[in-house]
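# Understanding the architecture of this molecule
Okay, here's what each chain looks like letter by letter:
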Amino acid sequence: MHFFKAATTPVPLLEMSDALWGELMTHLRDQGAGVRESGAFLLGRKTDAGRVALSFLAYEQLQPDAFSNDYVSLKADSFAKLWEVCRTTGMTVVADVHTHPFGPGQSRSDRTNPMVALKGHIALIVPRFAKGNPRPRDLGLYVYQGNHQWASYSGSDVGRLLRLTVTGVFQ
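Okay, so let's go over this structure. Computed from a predicted model, the values in this text were never measured in an experiment. (Residues numbered from 1 in each chain as written. Predicted model: local features only at pLDDT ≥ 70, side-chain atom pairs only at ≥ 80, totals over all residues. Heavy atoms only, no water.)

Here we take up the pairing of strand E6 (residues 140-146). Most of E6 is tucked away, with six of its seven residues classed as buried. Relative to E6, strand E5 (residues 122-126) is paired through four bridges, and the arrangement is antiparallel. Across the sheet, residue Leu 124 finds its bridge partner in E6, namely Leu 141. Looking at chain direction, E6 and strand E7 (residues 149-154) are connected through six bridges and run antiparallel. Residue pairing for E7: Tyr 142 is matched across the bridge by Ser 152. Between E6 and E7, which follow one another and run antiparallel, lie two residues, and Asn 147 among them has a positive phi close to 50°. (Buried < 20%, exposed > 50% of the residue type's maximum accessible area, 1.4 Å probe, protein only. Helix = DSSP H or I, 4+ residues; strand = E, 2+ residues; numbered from the N terminus. Pairing = 2+ DSSP bridges.)

So, in structure tokens, the structure goes:
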């Protein structure tokens, strides 16, 4: 069943430039300081071929106290700010990303509280607070199916579904 999901999903599902990836991983690592979660929304465009991330908006830019607990917590007014940024930039949320202290698996809270509760939304989890040089195959990639159900991908499947490019544009 897992293979069937990956085989029927457009490849790549999400694409971004190597430069944006590096900037994102550095930000997540620095923001979490190796001791707490950090995260961001990936902003970009959806195309017939998939999604292209063009920038990111860190959670703390929407809400300075987003990390005051041991987990990410955003209030409703943070989402109003997010949608305003999307409106003014002409971009949309193409995914969200956050770090975990250990592996890239979803927590119970992640599964029951999607950042964007729309079918097809992509959530990425970066292990070890983004320490080292995380690559797509190190992450967990989760696609929201609705009703608190997710399609889950790891390892080489993530490497196929999340592509890093020189330009960050589907070729």
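The next thing to look at is the environment of Arg 51. Inspection of the secondary structure assignment puts Arg 51 in strand E3 (residues 51-58). In the structure, Arg 51 is positioned 35 residues away from Met 16 in sequence and 8.6 Å away in space, judged by C-alpha atoms. Only 3.1 Å separates the side chain of Arg 51 from the backbone oxygen of Val 94, close enough to count as a polar contact. (Polar contact = N/O pair within 3.5 Å; in protein donor to acceptor, adjacent residues only side chain to side chain.)

Here we come to the environment of His 121. Among the secondary structure elements, His 121 is positioned in the loop between helix H5 (108-112) and E5. Counting along the chain gives 29 residues from His 121 to Trp 150, while the straight-line C-alpha distance between them is 9.6 Å. What His 121 contacts, discounting residues up to four positions off in sequence, is Arg 51, Val 93, Ala 95, Asp 96, Val 116, Tyr 142, Val 143, Tyr 144 and Trp 150. (Contact = heavy atoms within 4.5 Å.)

Now for the sheet that holds E5. The strand order E7-E6-E5-E4-E2-E3-E1-E8 describes an open sheet built from eight strands, whose pairing is mixed. Single-partner strands in this sheet number two, and they are E7 and strand E8 (162-165). Recorded for the sheet is a direction-independent mean angle of 30° between the axes of neighbouring strands. Helix-sheet contacts for helix H2 (residues 18-32) involve strand E1 (14-17), strand E2 (39-46), E3, strand E4 (92-99), E5 and E8, and the interaxial angle to E3 is about 30°. Taken strand by strand, helix H4 (residues 76-89) contacts E2, E3 and E4, and its axis lies near 30° from that of E2. (Axes fitted to C-alpha atoms, helices over the stretch in contact; angles between N-to-C directions.)

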